[in-house]
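# A look at the structure
These are the residues of each chain, in order.
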Amino acid sequence: MKVLVVNAGSSSIKYQVVDMTDESVLCKGLVDRVGIPGSTLEHKPAGKDEVVIKKDLPDHTAGMQLVLETLVSPEHGVLSSMDDIGAVGHRVVHGGEAFASSVVIDDEVKKVIRECFDIAPLHNPPNLMGIDACTELMPNVKHVAVFDTAFHQSMTPENFMYAVPYDAYEKFRVRRYGFHGTSHFFVAHRAAEMLGKPYEECKIITLHIGNGGSVGAIKDGRVIETSMGFTPLEGLVMGTRSGDIDPAVVFFLMDKLGMNTAEANNYFNKKAGLLGLSGVSNDLRDVEEAAREGNEKAQIALKVYHNRVKGYIGKYMALLNGCDCIVFTAGVGENGIDARAAICTDMDFLGIKMDFEKNKVRGKEVDVSAADSKVRIFIIPTNEELVIARDTYGLAK
Ligand code: AMP
């Protein structure tokens, strides 16, 4: 069976076609500027040159229509007909408390995705637009929703509750949900294979560090805690998000800068993090370069960034009562040689010792721990699309 994987954002649609006989990727692509003048489709068939198609795409249905035409086009296509697609897997950011695993989409599932608009206003509406567009264009195949929050639903109240009046949870479902679940799931399972231990017997700390970032603490096959919370704003310092902060800072700055709720939301999500602190960029590479050139704010930003990750490793070591391995993944985790080294420096008290020579690697699956490190340190490139394709295949076959 061939599975189409779809990740629909507000003005973009990312897609892949995966052949489940050998899990090979037949093509990947990106529709950009949906609903904005100058829409494009970048389509990359395996082993062939990338093609870029320019066409105005007023909405997600028009975008998906162009994707499907391209998939079967005699020139750039990878399928002989649309009937080759056996199922479609959709990334959905928020499944609330309703879904602890992937599900075949029906009206009830769509209703829950819609109910989560309130707590995921930037992600769930475009995710649902993608689902609606695909179900309209491919009504005869199964569509599966794979939720970013699902893997973290194994958290128990002592780790997902905030210390605010209980009403906030009962009335408004205010609690920690966690995100990047498919990525944490993928690398945690792969780490267990690298450890040569059953997954259910491992203690693993997963560090998904990219433009967004989150940490997972996994024990006995369950997520014990994760650093993103009610929204993706909590936890690590990210490209443009502050991560953990005294909530009083929010009220104080709203007052001082005359910000309303939407403006404050934008400030802490889009103007903070590496970008806000360094004043240079949200891209770690730019901040590292500025720091090397002597920019003091960039140097401070880097230290705050590294220390936050170290702090979470320490916290999760305590929660798990030790761990077998820590795993670096996503843009920074897979490629950031200096960031990984800084995070793993002076961590030997916790049994974490990096081999700094082995660490000089990018985008490869490798064990970079020193021979006498009690805790293994792995770099594992993530593959969220493969998790979506596997879940979709499992539910559709
Ligand atoms: P992601 O959101 O997972 O795509 O990660 C994107 C981030 O990875 C970028 O913003 C960069 O900060 C970071 N990144 C990518 N390559 C490198 C690199 N070679 N060194 C340091 N950071 C990198």
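Before any of the text, the structure's been laid out above.
A brief structural summary. (Residues numbered from 1 in each chain as written. Predicted model: local features only at pLDDT ≥ 70, side-chain atom pairs only at ≥ 80, totals over all residues. Heavy atoms only, no water.)

## Some points on the overall build of the protein chain
This is how the line gets drawn: Here a strand is any run of E in DSSP of at least two residues, a helix any run of H or I of at least four, and the numbering for each starts at the N terminus. Within these notes, the globule rule equals 2.2 Å times the number of residues to the 0.38 power, and the radius of gyration is based on C-alpha atoms. Exposure categories follow from relative accessible area, calculated using a 1.4 Å probe and restricted to protein chains: below 20% of the type maximum is buried, above 50% is exposed, and the middle band is partly exposed. With residues, only the protein chains shown are counted as cover, and all accessible areas are computed by Shrake-Rupley using a 1.4 Å probe. The charged-residue count follows a simple rule in which Lys and Arg add positive charge and Asp and Glu add negative charge, with His and chain termini not counted at all. All charge positions are set by atom: Lys at NZ, Arg at CZ, Asp at CG, Glu at CD.
Within the protein chain, the regular secondary structure consists of 14 helices and 14 strands. Taking 2.2 N^0.38 as the reference for a compact globule, 397 residues should give roughly 21 Å; the C-alpha atoms of the protein chain span a radius of gyration of 21 Å, in line with that estimate. Scored against the burial criterion, the 397 residues of the protein chain give a buried share of 50%. Surface exposure of the protein chain reaches about 18100 Å², of which carbon and sulfur atoms provide 52%. The averaged location of the 54 negative side-chain charges in the protein chain is 3 Å from the averaged location of its 43 positive side-chain charges.

## Here's the deal with the environment of Asn-211
Note the cut-off: Here, two residues are considered to be in contact whenever any of their heavy atoms come within 4.5 Å of each other. Polar contact is the term for a pair of N or O atoms within 3.5 Å; when the atoms are in protein, one must be able to donate a hydrogen and the other to accept it, and sequence-neighboring residues count only if both atoms are side-chain atoms.
For Asn-211, the position within the fold is in the loop between β9 (203-209) and β10 (213-219). Remark: the alpha-carbon pair of Asn-211 and Asn-282, spanning 71 residues in sequence, is separated by 7.4 Å. Residues contacting Asn-211, with those up to four places away along its chain left out, are Met-238, Gly-239 and Asn-282. Here the side chain of Asn-211 touches Asn-282 through a polar contact of 3.2 Å, side chain to side chain.

## What about the nonpolar core?
Short version of the rule: To qualify as a nonpolar core, a set must consist of buried Ala, Val, Leu, Ile, Met, Phe, Trp, Tyr and Cys residues joined through side-chain atoms within 4.5 Å.
Core analysis: the biggest nonpolar cluster contains 39 residues, and Ile-205, Leu-207, Ile-209, Ile-313, Ile-326 and Ile-352 have the highest contact counts within it. Of all elements in the fold, only β9, β10, α10 (284-292), α11 (296-320), β12 (325-329), α13 (337-343) and β14 (376-379) reach the threshold of two or more residues within this core. Per-element accounting of this core gives the leading share, ten residues, to α11. What Ile-313 contacts, discounting residues up to four positions off in sequence, is Ile-205, Leu-207, Ile-326, Ile-343, Met-347 and Ile-352. Among the nonpolar cores identified, the runner-up in size contains 22 residues, and Ile-13, Val-31, Leu-71 and Ile-85 belong to it.

## What about the packing of aromatic side chains?
The geometry of two aromatic rings is summed up by the distance between their centres and the angle between their planes. To keep it simple, the criterion reads: Geometry of aromatic contacts follows a simple scheme: Phe, Tyr and Trp rings, the Trp one being its six-membered ring, pair when their centres are within 6.5 Å, and the pair is stacked under 30 degrees between planes, edge-to-face over 60, tilted otherwise. Lysine and arginine charges are scored as sitting over a ring when NZ or CZ, respectively, is within 6 Å of the ring centre and within 35 degrees of the ring normal.
Evaluated as defined, the whole model comprises seven aromatic pairs. Each ring, one from Phe-151 and one from Phe-185, has its centre 5.4 Å from the other, and the planes form 90°; the classification is edge-to-face. Residue Phe-151 is found in the loop between β8 (142-147) and α4 (157-160), and its partner Phe-185 is found in helix α6 (residues 181-195); the two are separated by 34 residues along the sequence. Look at Tyr-166 and Tyr-169: their rings are 5.9 Å apart centre to centre, the planes differ by 85°, and that puts the pair in the edge-to-face class. Residue Tyr-169 is classed as buried on the basis of its relative accessible area, which comes to 12%. One aromatic cluster in this structure is built from Phe-160, Tyr-166 and Tyr-169. Between Arg-173 and the ring centre of Tyr-169, over which it is positioned, the NZ or CZ distance is 4.5 Å. Here the basic side chain of Arg-175 rests over the ring of Phe-160, its NZ or CZ set 3.6 Å away from the ring centre.

## Points about the layout of surface pockets
Stated precisely, the cut-off is as follows: With a 1 Å grid spanning the protein atoms alone, the term cavity applies to any set of points in which a 1.4 Å probe fits but cannot get out, the term pocket to an open set with protein on both sides within 12 Å along at least five of seven lines, and the term lining residue to any residue with an atom within 4 Å of a point. Grid points are joined across faces, edges and corners, and a volume is the space filled by probe spheres set on the points. For this scheme, ten residues count as nonpolar: Ala, Val, Leu, Ile, Met, Phe, Trp, Tyr, Cys and Pro. Four count as charged, namely Asp, Glu, Lys and Arg, and the remainder, Gly too, count as polar.
Space inside the second largest pocket adds up to approximately 360 Å³. Every residue lining the second largest pocket is counted, 18 residues in all, and those nearest its centre are Asp-283, Leu-284, Arg-285, Gly-331 and Val-332. Among the residues forming the lining of the second largest pocket, the class breakdown is six nonpolar, seven polar and five charged.

## Digging into the site of the ligand
The condition is simple: Nearness is defined per residue: one heavy atom within 4 Å of the molecule or strand is enough. Assignment to a cavity or pocket requires that more than half of a molecule's atoms be within 2 Å of the site's grid points.
The immediate surroundings of the ligand are formed by Gly-210, Asn-211, Asp-283, Leu-284, Arg-285, Glu-288, Ala-330, Gly-331, Val-332, Asn-335, Gly-336 and Arg-362. At a separation of 3.4 Å, a nitrogen atom of the ligand approaches a polar side-chain atom of Arg-285. One of the backbone N or O atoms of Gly-331 is found 2.9 Å from an oxygen atom in the ligand. Out of a free accessible area of 500 Å², the ligand has 74% covered by protein chains. At a threshold of 2 Å from the grid points, most atoms of the ligand map onto the second largest pocket. Listed by contribution, the elements that provide at least two residues to the shell around the ligand are α10 and α12 (330-335). It is α12 that contributes the most residues to the shell around the ligand, four residues altogether.

## Points about the side chain of Asn-124
Mapped onto the fold, Asn-124 is located in helix α3 (residues 124-137). Within the structure, Asn-124 has its side chain in polar contact with the backbone oxygen of His-94 (distance 2.9 Å). With near-sequence residues (within four places) excluded, Asn-124 lies in contact with Val-92, Val-93, His-94, Ile-113, Cys-116 and Phe-117.

## Here's the deal with α10
We apply this condition: Note: the arc covers the axis-to-C-beta directions of the helix.
All of the buried residues along α10 are Leu-284, Val-287, Glu-288, Ala-290 and Ala-291. With its buried residues spanning 165° around the axis, α10 presents them on a single face. In α10, the exposed positions angled more than 90 degrees off the buried face are occupied by Arg-285 and Arg-292. Check the buried side of α10 and you find it contacts α9 (273-278), α11, α12 and α13. A positive phi of about 100° marks Gly-294, the residue just after α10.

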